[in-house]
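Working through the structure, step by step
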Amino acid sequence: MNELGTGPSRPTRAVVLGGGGVTGIAWEVGVVTGLLDEGVDLGAGDALIGTSAGAFVAAHLAARTDLEKTYLAQFATDAREISATMSRESILGFQEAFQLGAGDPRRVAAALGRMALAAETVSTQARLDVVAGRLPVHDWPAAPLMITALDAETGELHIFDRTSGVPLVTAAAASGAVPGLWPVVHARGRTWIDGGSCSPANASLAGGYDRVVVIAPAPAGMAGMPGAVEDVDALRARSRVVLLSPDEHTREAIGDNVFDTSRRGPAAEAGRAQGRSAAAAVRAVWDIE
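Described in the following lines is the structure provided in the data block.

What counts, and where the lines are drawn
Residues numbered from 1 in each chain as written. Predicted model: local features only at pLDDT ≥ 70, side-chain atom pairs only at ≥ 80, totals over all residues. Heavy atoms only, no water. Phe/Tyr/Trp six-rings, centres within 6.5 Å; stacked < 30°, edge-to-face > 60°. Helix = DSSP H or I, 4+ residues; strand = E, 2+ residues; numbered from the N terminus. Buried < 20%, exposed > 50% of the residue type's maximum accessible area, 1.4 Å probe, protein only. Lys NZ or Arg CZ within 6 Å of the ring centre and 35° of its normal. 1 Å grid on protein atoms, 1.4 Å probe; cavity = no way out; pocket = protein on both sides within 12 Å on 5 of 7 lines; lining within 4 Å. Points joined across faces, edges and corners; volume = space filled by probe spheres on them. Nonpolar A, V, L, I, M, F, W, Y, C, P; charged D, E, K, R; others polar. Pairing = 2+ DSSP bridges. Core = buried A, V, L, I, M, F, W, Y, C linked by side-chain atoms within 4.5 Å. Contact = heavy atoms within 4.5 Å. Polar contact = N/O pair within 3.5 Å; in protein donor to acceptor, adjacent residues only side chain to side chain.

**Focus: the packing of aromatic side chains**
Summed over the entire model, instances satisfying the criterion amount to three aromatic pairs. Residues Phe160 and Trp192 carry aromatic rings whose centres are separated by 5.1 Å and whose planes lie at 75 degrees to one another, so their mutual orientation is edge-to-face. Linking Phe160 in strand S4 (residues 157–160) with Trp192 in strand S6 (residues 190–194), this pair joins segments that are 32 residues apart in sequence. Judged on exposure class, the residue Phe160 and its partner Trp192 are both buried. A cation over an aromatic ring shows up here: Arg13 above the ring of Trp286, its NZ or CZ 4.3 Å from the ring centre.

If you want it as structure tokens, here you go:
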């Protein structure tokens, strides 16, 4: 690592954007737009790491899109978006996978993979239409964008980037393929499910960067496995880190179902307010000038 004045290189910076459904996308868009309102540009990071919902927002940062336009889009009806609710069977499937995995992320993910393969969902094409509509571009940007997914058979966490030989739309679809809700994704001879199925943010992937901003719609761990809060505590041993997660107003704006498309606008509005109010704390970690 390189802190100011201790070496020839500037400090390295990473942004981690976690999962949290369609409302998580809207909230994260609001947060990064609110930060930009206050002069904090997260798109300038050395690593933009996105999981599930965060994969889409990381893609917008990497593509250097007009965030104001992206923010306003959260208030508009998009016919491609699909409101959904986790079925009782899928919820039970998650609970069983966590029990079988007993705190081992790979075992949990493999169990979720089996459940995902057996589940009835919307068609693959319908889901790809949603994913393509959310992305600002369909080719990998030059910026250092990294998108997570889990191997449905082995449970291994994988990172897709522009060198992976997988289209951006495919990688984003894989990262957001919530088991039991959305169809699995096939690429590179493997089957992939949601990168946030075991760790909603995968913030540990930012280890080794000097400055880290973690934006996590779902910061808590699951069934004995660490979440963003624990990952950030571990990162602090070597890095300057700030964690943003939903405040009370955001939680009210999102409601009980993170897949409810009607909550996109309220979530984005709450996120923008939260981003503005958190700008000073984020700037203290992010700015290197």
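Text resumes after the structure shown.
**Regarding the layout of surface pockets**
By volume, the largest pocket amounts to about 840 Å³. If you trace the largest pocket, you find 39 residues lining it, with Gly20, Gly21, Ala218, Val258 and Phe259 closest to the centre. For the lining of the largest pocket, the secondary-structure elements that each account for two or more residues are helix H1 (21–37), helix H2 (53–63), helix H4 (88–101), helix H6 (124–134) and helix H9 (248–254). Among the elements that line the lining of the largest pocket, the one with the most residues is H1, at five residues. Its residues assigned to classes, the lining of the largest pocket shows 22 nonpolar, twelve polar and five charged. Computed from the structure, the second largest pocket encloses a volume of approximately 350 Å³.

**Considering the pairing of S4**
Bridge count for strand S3 (residues 145–151) against S4 is four bridges, and the pairing is antiparallel. Among the inter-strand pairings, Leu150 is bridged to a residue of S4, identified as Leu157. Between S3 and S4, which pair antiparallel and follow one another directly, the connecting turn spans five residues, one of which, Gly155, has a positive phi of 80 degrees.

**Let's talk about the nonpolar core**
Formed by 52 residues in total, the largest nonpolar core has its most connected members in Leu42, Ile215 and Val282. Among the elements that make up this core, the one with the highest residue count is H2 (eight residues). Here Ile215 is in contact with Val16, Leu17, Gly18, Trp27, Glu28, Val31, Val32, Leu42 and Leu244, once residues within four sequence places are set aside. Judged by nonpolar contacts, the second largest core, of 20 residues, contains Val108, Ala109, Ala111 and Val178.

**A look at the side chain of Thr191**
Counting through the fold element by element, Thr191 comes out in strand S6. One polar contact links Thr191 to His186, side chain to side chain, over a distance of 3.2 Å. Once residues within four sequence positions are removed from consideration, Thr191 is found in contact with Leu117, Leu150, Asp151, Ala152, Val184, Val185 and His186.

**Focus on empty space enclosed by the protein**
Summed over the entire model, instances satisfying the criterion amount to one cavity of 30 Å³ or more. Together, Val32, Leu35, Leu36, Val40, Asp41, Leu42, Leu61 and Leu67 line the largest cavity. Per-element tally for the lining of the largest cavity: the top contributor is H1, with three residues. Of the residues that constitute the lining of the largest cavity, the class distribution is seven nonpolar, no polar and one charged.

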